[in-house]
Amino acid sequence: MRSVMKTIFEAKRRYAQLPLFDFMRDDSLPAADRLAFYPCMAPFIMAFGDLNKYVLRDEPASDRFQELVNAHTYEDDHHWPWYLEDFTALGYDRPTTPTQALHFLFSDQLQVNRMLMTQLAHLIYGATPVERLVIIEAIEETGNVLFDLTAKLARVIEAEQGVTLRYLGDFHFNLETGHAMGSDEHRVLAEIPLDDTQRARCLSLVQRVFGYFEAWTNELLSFAVAELDRRSLQPGIEVRELQRA
Ligand SMILES: [Fe+2]
Ligand SMILES: [Fe+2]
């Protein structure tokens, strides 16, 4: 399994260089603008609790690896209310009708965000408990890249606007690093012996998870660019250039 974990960390390094994260690191833009993708994440972030409760979790566990998967699902199944808190704190809670909200959530602009849950569920339903641990590890590493950056931006916005951002900020980031890094499941994972076929399956799952999340970041960036353009902000021009790069 060590080679699989090495592949996850290499994939994470490449993932961290995607255009969305360059956009989030662009100090020429105000912190709040660099989070302009926030509403676009809604379908996946809101579904992530269900992915943990109803897809990853399998009780009673069939073996000790599924027990680890189950324990993990209890860490990650209740974060979406914090996403909604920040939704309000960032000023996105504008007056709307339920029809308009549904129209937005099911628009083409959010298509990748809606499909991410389905794609991950497809992988997970056919995965062994060990493979589920690999999928979780890959998802956690994508989250680590994102939330490291959102936490930096959240600190700026919190200081400027006197709001608390529990989902985007240190509260969530610290919880996530607490259960992802240096955890028991990390150590147990590294020690699992794999034959060639099992290793090939795990490596393929890692590539697929990172591939899905790469597409996800691209949709978030497109949304952010369109949103900044819509607000007719000057930085929209720079952002468009960034996206083409
Ligand atoms: Fe989370
Ligand atoms: Fe997590």
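All of these numbers come straight from a predicted model, not from anything done at the bench. (Residues numbered from 1 in each chain as written. Chains lettered and ligands numbered in written order. Predicted model: local features only at pLDDT ≥ 70, side-chain atom pairs only at ≥ 80, totals over all residues.)

A short note on helix H1 (residues 2-15)
Here comes step 1: Under the 1.5 Å per step criterion, the end-to-end length of H1 is 20 Å for 14 residues, consistent within 8% with the ideal 20 Å.
Here comes step 2: Taken residue by residue, H1 has Val4, Ile8, Ala11 and Tyr15 as its buried positions. Each buried residue of H1 sits inside an arc of 65 degrees when the element is viewed along its axis, so together they form one side. Turned more than 90 degrees away from the buried face of H1 sit Arg2, Ser3, Lys6, Phe9, Glu10 and Arg13, all of them exposed. (Helix = DSSP H or I, 4+ residues; strand = E, 2+ residues; numbered from the N terminus. Expected span 1.5 Å × (residues − 1). Buried ≥ 20, exposed ≤ 12 C-beta atoms within 10 Å, placed from the backbone. Arc of directions from axis to C-beta.)

As for the environment of Tyr212
Here comes step 1: Mapped onto the elements of the fold, Tyr212 is located in helix H11 (residues 196-230).
Here comes step 2: Beyond its immediate stretch of four places on either side in the chain, Tyr212 contacts Leu116, Gln119 and Leu120. (Contact = placed C-beta atoms within 7 Å.)

Topic: the environment of Glu67
Here comes step 1: Following the sequence through the fold, Glu67 ends up in helix H4 (residues 64-76).
Here comes step 2: According to the C-beta neighbour criterion, Glu67 is partly exposed, with 15 such atoms within 10 Å.
Here comes step 3: With 29 residues separating them along the chain, Glu67 and Tyr38 place their C-alpha atoms 33 Å apart.

Observations regarding the confidence of the model for the protein
Here comes step 1: Per-residue pLDDT for the protein has a mean of 92; in total, 92% of the residues score no lower than 70.
Here comes step 2: Across residues 234-245, where pLDDT falls below 50, the model places 19 contacts with residues more than four positions away in sequence or in other chains. (pLDDT = per-residue confidence, 0-100.)

Remarks on the nonpolar core
Here comes step 1: In terms of nonpolar packing, the biggest core is built from 62 residues, with Phe37, Val134, Val206, Val209, Leu220 and Ala224 touching the most fellow members.
Here comes step 2: For this core, the secondary-structure elements that each account for two or more residues are H1, helix H2 (19-25), helix H3 (42-56), H4, helix H5 (80-89), helix H7 (111-125), helix H8 (129-161) and H11.
Here comes step 3: The residues contacting Val206, other than those within four sequence positions of it, are Val4, Thr7, Ile8, Ala11, Val134 and Ala138. (Core = buried A, V, L, I, M, F, W, Y, C linked by C-beta atoms within 7 Å.)

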